[in-house]
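Chain by chain, the residues run as shown.
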Amino acid sequence: MGKLERIAKKIGKVRKASEANLSGRGRNKNHSSPYESQHSIASQLKEDLLNEYSGKDFLSETEFERISTDYGETLHLREAVDKSLVTPDSSRPEILSDLKLVYGIGSVREKELKEKGYDTVEELVDHEKWGEKAETVQDLFRGELAGAYDLLRRWKSLSHPSFLRLSGLFEKKQFAIVDIETLGLSNQPVFLLGLAHTGNSGMVVHQFLAEDLDQELATLINFSEHLDERELILTYNGKNFDIPYIERRLAYYGQRKKFPHPHLDLYLFTRKVLGHRTRDCKLGTIEQSVLGVERDLDVPSSMVPDFYSAYREEKNPGPLLPILAHNRQDLLSLADLYRELIEEALHGNK
Amino acid sequence: MEISRIVESLKDQDWYEGQIEHLELLPERKAEYGQANFDERIKSFLERKGLDLFSHQSRAIKLINEGRDVIITTPTASGKTLAFNVPVFDRMLNDSDSRALYIYPTKALSQDQLETIKDMEADLGLDLEPRVYDGDTPRDQRPGIRKRSRIILTNPYGLHHYLEWHHKWKDFFSNLDFVIMDEIHSYRGVFGSNVAMLVRRMERIFDHYGSDPQFILSSATIANPLEHSRKLVGREFSLISEDSSFRGRKKFLFWNPLTNPDNSAHNQTSKLMAHFVNHDLQTLCFTLSRRLAELISEWCSGRTDAPVRAYRAGYRPEERREIEEGLRTGEIRGVSATNALELGVDIGGLDAVIISGYPGTITSSWQQAGRAGRGREDSLVVLVGFENPLDQFFLKHPREFFDREHEHAILDLDNPNITMGHLACAATELPIREGEDLRQTYSGEIDALIDNDVVQDTPNGAVFSGTYRASGAVKLDNINETTVKIIHNGKLLETMDLAQAYREAHENATLLHQGKTYIVKDFDLEEGVAEVRWKEVDYFTQAISESDLEITRQLEKKKAGDVVVSFGEVSVSEHYSHYKEKKYDRVLDVHPLELPPLEFDTECSWFHVPESILTNVEEKGLGARGGLHAIEHAIISLTPFYAMCDRWDIGGFSARNPLEEGGSIFIYDAYEGGIGIADEVYELLENLLERTYELVMDCDCEEGCPSCIYSPKCGNDNDPLDKEAAVYILEKLGERFVY
Ligand SMILES: [Zn+2]
Ligand SMILES: [Zn+2]
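As the structure is a prediction and not an experimental result, all values here were calculated from the model. (Residues numbered from 1 in each chain as written. Chains lettered and ligands numbered in written order. Predicted model: local features only at pLDDT ≥ 70, side-chain atom pairs only at ≥ 80, totals over all residues. Heavy atoms only, no water.)

Let's shift gears to the domain arrangement of chain B. All names here are of chain B. Split into domains, chain B comes out as domain 1 (3-23 + 249-402), domain 2 (40-240), domain 3 (416-473), domain 4 (483-537) and domain 5 (548-576 + 596-737). Taken over C-alpha atoms, the centre of domain 1 sits 27 Å from the centre of domain 4. On the side of domain 4, 14 residues touch domain 1, which itself brings 13 residues to the contact. Linking domain 1 to domain 4 there are two salt bridges. Arg312 is the salt-bridge partner of Glu494, the closest N and O atoms lying 2.4 Å from each other. (Domains from an automatic or database assignment. Contact = heavy atoms within 4.5 Å. Salt bridge = Lys/Arg side-chain N within 4 Å of Asp/Glu carboxyl O.)

If you want it as structure tokens, here you go:
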């Protein structure tokens, strides 16, 4: 073995070491933690898939299509799903009954004004003192809702029910549910971006996949173009993770792009609204304890990078298939979770 | 009393037995002043502060204003900081977007320099929000600092991890006009080579954001400042090296404690310090270990009423700052410190400096000596030589010390063990594109990374393809990251690294902290915690260790003539077997210790010296072990020039094998996992041995000297060493090697 190769292998060993760490977590306390058994089941799954799909071709095993972009080739899947997105039946007056949205009005003034019969911002438009400001607010809620979102952001935390209510004013078609799969948690490549939206009937799931890492940029661009067609992003922890990650990967390739969309991060609501009902707020846990979804043969999130690496190294589509299923299920679960949160947060208990 | 009288009065002390071996007078030097052009506001700032620019400062300012990259190598007290702060502030005053990045080798230095910068900022009425950004910076403050601060101070360890998040630094990097790197003599050997690669990574990110900052470097005196700067940053530099500040007369005393065998060197150091302090000389004493810093301040305190303190790494920042402040104001009269105070922490000048034990390099010695002298006053420096051949050699040959060249700072940008990890980091930060400097310089290395799927070649450049963080694959230095917490009454007293804890925090050890003695009640290795109890005892403990080396895997083997040379993996261990209880120099008791050995695995090259040669050596009445040990040292002293490293990056081990099976000499990398130096030594061994032979043979000394077989970092105090045996063995090896 040459010197350079030996050193390159040593750098690669960092990965092995960190994986060993993961699988050995809790080693001292418990002989078989749930984590460990999950890990070993997944490893077995990987082996089985590698055997089953050995020598097979990814494109002939799936419905993915290869497309050409200005940035090279990438894969794309469009799948119609028989499922509907439930959004809150919010009304503008309901949201605008919060007079505090008007700059300068606090709880005390709001109370005074309500006593005088001003029940909504829309009614306040005629008020001598607050009329002008109220009109600005009213216009925001009548025009493009991004402005209304920004207004709410100024006053409310992102887990405030107003944001759920506001989302009800968007057309269903404008929602983009987003979830991505990456090789790591900081600055490693992203290889799969899922986007679900409402179609003419039911929902449509898009998956944008990099066949190998040289397609990452083309995949990101293709995804971005689809996202740009929508107006509201819905994610699980996407405010902190997915969206900045995508922006970072684009910036890595010299593409400075920000997604200015209003963003509904369900993780924030879940923590607040459903947190007491579950042992933690991982999406998988919520699925089981709240949504009643059971996944079989799932790849745990922490092993997604390992499965994708196995797919790349072995040139075997097997390990990629459960990642695609995992990502698809995440998107669909988010639609269910959204419905659940609306019930819980806006209508009280079922 | 004036300095010469105080020195004379030493001779009246009952413990004086002729210890003064040499007295060197360093003459006074007149200041030279100069002019430079800058903003009126800076001019009046300097006037308010009563600062006239020395000519070296004004020359530095002119060069910086011309847009040159500058390296300043004048001593600590010569106003280096002002020389680069003036042009930086000048720019800040006239360009409200301008940013500057200050990089210091330690966190403590960044904190210290922040104060200086804040003073200047306040005085100029500027609002630059200068801030330190490092591992201690709270997370919620970081975005604000990156956005608003126009001066950020940090260290290489932090930058190594921040660079991959450069998107968050866009505003700062896009407007960056200056990068200041202070104390760059610390960036040498493997650590320095890592920093040099880090600078390459920084530069391509600056380029990405369209900025091209000027680099301003400063360093203690080294032999090769221009070469070192060029290799560190990859540009040509202009050098400012002559100090034109005022220097008072300095007396430099060589003190040989061996002439009074009843008193140890440490004991005499504390007496010297007390003597100076009692004669109203504010004194700084440099010691070789943390423990000695504590002991000497404690012993000294017993001999004077004036406030005397210890200063070392491991203290909490507020403790350190209080001592620094006390030194500046003159309230604290004496401090015994480790080399933590050697770098540019601002403490003002002192009347006297004691260097207790040769610090290992000429550069360090002069750095420490440079702490003596305030303005025009006379000052005093004492070098207390220890009982080892190296220290004693300098005491007996003062010219060898005063005329000796400063060390070379050596960097290696061709060692793939160093460069390849950084290339992986660079590929994480931005794709390494075709035609980039990095791609061209390191095409072989990048190809190997591609072949092993650390990076993937794509139409957009080489992209990091790992599932881990590339920065985790690179360690900038070999400092052990395992730290031990010292807990007193449930509160954190201090932290220390593992090796330190083995020496000072084993069960029943006495641990000194700020003049108080604590006894270690419990040392929990697994948890990394030692519980201590405050208890004044009149003894201290000293742990005794033996080192060992075990070959774990032979990777390569070759024959050079008749001699077998090997390369492979070894395990180096330090076994702490017992500890002594001592009162001053007297051993009261010895106890066994039960600690697993401290081990690290590394790469090593070694060769075997045939028994026949060693038998001959012994028949001649020479020492075989001393000969092998001397050769080990001489090889190590030459290795930096062949394998482009620092002497401290490698370790050696030599042994006379049992059963009369000859002897072995090992040269290993002082880095966990190896760093490629021993590998290089393996390749070059014939050549290296021939040069070693010439070096020892041609050296004019009688029994050895720092130029040939004395090592400044020998774990056995340079004992035993036998120069004649070394020459004989090398000669015989030469016949077998045919060199
Ligand atoms: Zn010599
Ligand atoms: Zn030695």
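Here we come to the coordination of the zinc ion (ligand 2). Residues and elements named next belong to chain B. Within the protein, His629 (NE2), His633 (NE2) and Cys714 (SG) serve as the donor atoms for the zinc ion (ligand 2), at 2.1 to 2.3 Å. The sequence pattern formed by the donor residues of the zinc ion (ligand 2) is H-x3-H-x80-C. One end of the pair, His629, is in helix α22 (residues 624-643); the other, Cys714, is in the loop between α23 (677-698) and α24 (723-737), with 85 residues separating them in the sequence. Residue class for Cys714 comes out buried when judged on its relative accessible area of 16%. (Donors = N, O, S within 2.8 Å, 3.2 Å for Na, K, Ca; no water. Helix = DSSP H or I, 4+ residues; strand = E, 2+ residues; numbered from the N terminus. Buried < 20%, exposed > 50% of the residue type's maximum accessible area, 1.4 Å probe, protein only.)

Let's shift gears to the environment of B:Asp391. Residues and elements named next belong to chain B. By the element assignment, Asp391 lies in helix α15 (residues 389-396). For the pair formed by Asp391 and Ser149, sequence separation is 242 residues and the distance between their alpha carbons is 48 Å. Ignoring any residue separated from it by four or fewer positions in sequence, one finds Asp391 in contact with Gly357, Tyr358, Val384, Gly385 and Phe386.

Perfect tetrahedral coordination of a metal by four donors corresponds to 109.5 degrees between them, and perfect octahedral coordination by six donors corresponds to 90 or 180 degrees. Residue and element names in this part refer to chain B. Surrounding the zinc ion (ligand 1) are the protein donor atoms Cys699 (SG), Cys701 (SG), Cys705 (SG) and Cys708 (SG), at 2.2 to 2.3 Å. Around the zinc ion (ligand 1), the four donor atoms are arranged such that angles at the metal cover 99 to 117°; this shape is classified as tetrahedral. Considered as a linear motif, the donors of the zinc ion (ligand 1) on their single chain read C-x1-C-x3-C-x2-C. You'll find Cys705 and Cys708 in the same group, each marked buried. (Tetrahedral: all angles 85-135°; square planar, octahedral: opposite > 155°, others 65-115°.)

Let us look at the pairing of strand β7 (residues 214-218) of chain B. Residues and elements named next belong to chain B. The buried fraction of β7 amounts to five of the five residues, a majority that puts the element mostly inside the structure. With burial as the criterion, each face of β7 is covered, one bearing Gln214, Ile216 and Ser218 and the other bearing Phe215 and Leu217. With four bridges connecting them, strand β6 (residues 176-181) and β7 associate as parallel partners. Residue pairing across strands places Val179 opposite Phe215, the latter belonging to β7. In this region the chain leaves β6, passes through helix α9 (residues 189-208) and returns to the parallel neighbour β7; the handedness of that crossover is right-handed. (Pairing = 2+ DSSP bridges. Right-handed = clockwise from strand over helix to strand, strands pointing away.)

A few words now on empty space enclosed by the protein. Residue and element names in this part refer to chain B. This model, assessed by the stated rule, comprises three cavities of 30 Å³ or more. There is about 50 Å³ of room inside the largest cavity. Counting only elements with at least two residues in the lining of the largest cavity, the list comes to α5 (107-123) and α13 (317-329). When we break the lining of the largest cavity down by domain, the ones giving at least three residues each are domain 1 (3-23 + 249-402) and domain 2 (40-240). (1 Å grid on protein atoms, 1.4 Å probe; cavity = no way out; pocket = protein on both sides within 12 Å on 5 of 7 lines; lining within 4 Å. Points joined across faces, edges and corners; volume = space filled by probe spheres on them.)

Take the domain arrangement of chain A next. All names here are of chain A. Split into domains, chain A comes out as domain 1 (3-87 + 170-347) and domain 2 (92-156). Summarising the inter-unit geometry, the C-alpha centres of domain 1 and domain 2 are found 39 Å apart. Counting each side, the surface lost to burial between domain 1 and domain 2 is near 400 Å², with a carbon and sulfur contribution of 66%. It is Phe170, Lys239 and Pro262 that lose the most area in domain 1 upon contact with domain 2, and together they represent 76% of the buried surface on that side. Between the two partners, domain 1 and domain 2, sit zero salt bridges. For the interface between domain 1 and domain 2, the tally reads two residue pairs in polar contact (both at pLDDT 80 or more). Split by residue class, the side of domain 1 that touches domain 2 holds two nonpolar, one polar and one charged. (Buried area = accessible area lost by both parts, 1.4 Å probe. Polar contact = N/O pair within 3.5 Å; in protein donor to acceptor, adjacent residues only side chain to side chain. Nonpolar A, V, L, I, M, F, W, Y, C, P; charged D, E, K, R; others polar.)

This brings us to the confidence of the model for chain B. In the predicted model, chain B carries a mean pLDDT of 93, and 100% of its residues have values of at least 70. Predicted complex, confidence summary: ipTM 0.88, pTM 0.90. (pLDDT = per-residue confidence, 0-100.)

Following the criterion strictly, the structure yields 47 aromatic pairs over all chains and no others. Aromatic side chains A:Tyr149 and A:Phe163 sit 5.4 Å apart centroid to centroid with 70° between the ring planes, which places their arrangement in the edge-to-face category. In this pair, A:Tyr149 sits in helix α8 (residues 145-155) while A:Phe163 sits in helix α9 (residues 161-167), placing the two residues 14 residues apart along the sequence. Summarising the burial analysis for this pair, A:Tyr149 and A:Phe163 share the class buried. Seen from their ring centres, B:Trp366 and B:Phe402 are 6.0 Å apart, and the 65° between their planes marks the pair as edge-to-face. Separated by 36 residues along the polypeptide, B:Trp366 in helix α14 (residues 362-369) and B:Phe402 in helix α16 (residues 398-402) bring together distant segments of the chain. The exposure class of B:Trp366 is partly exposed, given its relative accessible area of 25%. Each member of the aromatic cluster is reached from another via a ring pair, and the members are B:Phe252, B:Phe254, B:Tyr358, B:Trp366, B:Phe393, B:Phe394, B:Phe401, B:Phe402 and B:Tyr710. For A:Lys56, the ring lying beneath its charged end belongs to A:Tyr53, and the centroid distance is 5.4 Å. (Phe/Tyr/Trp six-rings, centres within 6.5 Å; stacked < 30°, edge-to-face > 60°. Lys NZ or Arg CZ within 6 Å of the ring centre and 35° of its normal.)

Helix length check: helix α10 (residues 216-228) of chain A (13 residues) gives 18 Å between terminal C-alpha atoms against 18 Å at 1.5 Å per residue, within 8%. Of all 13 residues in α10(A), 11 are buried, a share of seventy percent or more. (Expected span 1.5 Å × (residues − 1).)

Next up on the list: the sheet that holds strand β1 (residues 65-69) of chain A. Residue and element names in this part refer to chain A. On the basis of which strands lie adjacent, the open sheet formed by seven strands has the order β1-β2-β5-β4-β3-β6-β7 and mixed pairing. Each edge of the open sheet carries a strand with a single partner, namely β1 and β7 (263-265). Neighbour-to-neighbour, the strand axes of the sheet open up by a mean angle of 25°, direction not taken into account. Here strand β6 (residues 232-235) runs beside β7; their pairing, made up of three bridges, is parallel. Counted as the bridge partner of Thr235 is Asp265 from β7. Against the sheet, α10 makes contact with β1, β2 (72-81), β3 (175-182), β4 (190-198), β5 (203-209) and β6, and its axis sits at roughly 15° relative to β4, the strand it touches most. (Axes fitted to C-alpha atoms, helices over the stretch in contact; angles between N-to-C directions.)

Across the contact, 44 residues belong to chain B and 36 residues belong to chain A. Contact with chain A buries surface across chain B, with B:Gln456, B:Thr467 and B:Tyr468 losing the most and accounting together for 19% of the total. Linking chain B with chain A are four salt bridges. One salt bridge in this structure joins A:Lys10 and B:Glu603, with 3.8 Å as the shortest N-O distance.

Once that is clear, we can look at the side chain of B:Arg647. All names here are of chain B. Tracing the sequence through the fold places Arg647 in the loop between α22 and β26 (650-656). Although Arg647 lies buried, it forms no salt bridge, and the closest oppositely charged side chain, Glu407, sits 7.8 Å away as judged by the N-O distance. Filtering out sequence-adjacent residues up to four positions away, Arg647 remains in contact with His633, Ile636, Ser637, Pro640, Tyr710, Ser711, Pro712 and Lys713. (Lys, Arg positive; Asp, Glu negative; His and termini not counted.)

All names here are of chain A. Between its first and last C-alpha, helix α7 (residues 131-142) extends 16 Å over 12 residues, near the 16 Å set by a 1.5 Å rise per residue. Within α7, the full set of buried residues consists of Gly131, Ala134, Val137, Gln138 and Phe141. Around the axis of α7, the buried residues are gathered within 125° of arc, so they sit on the same side. Where α7 is buried, its residues touch α4 (92-96), α6 (121-124), α8 and α9. (Arc of directions from axis to C-beta.)

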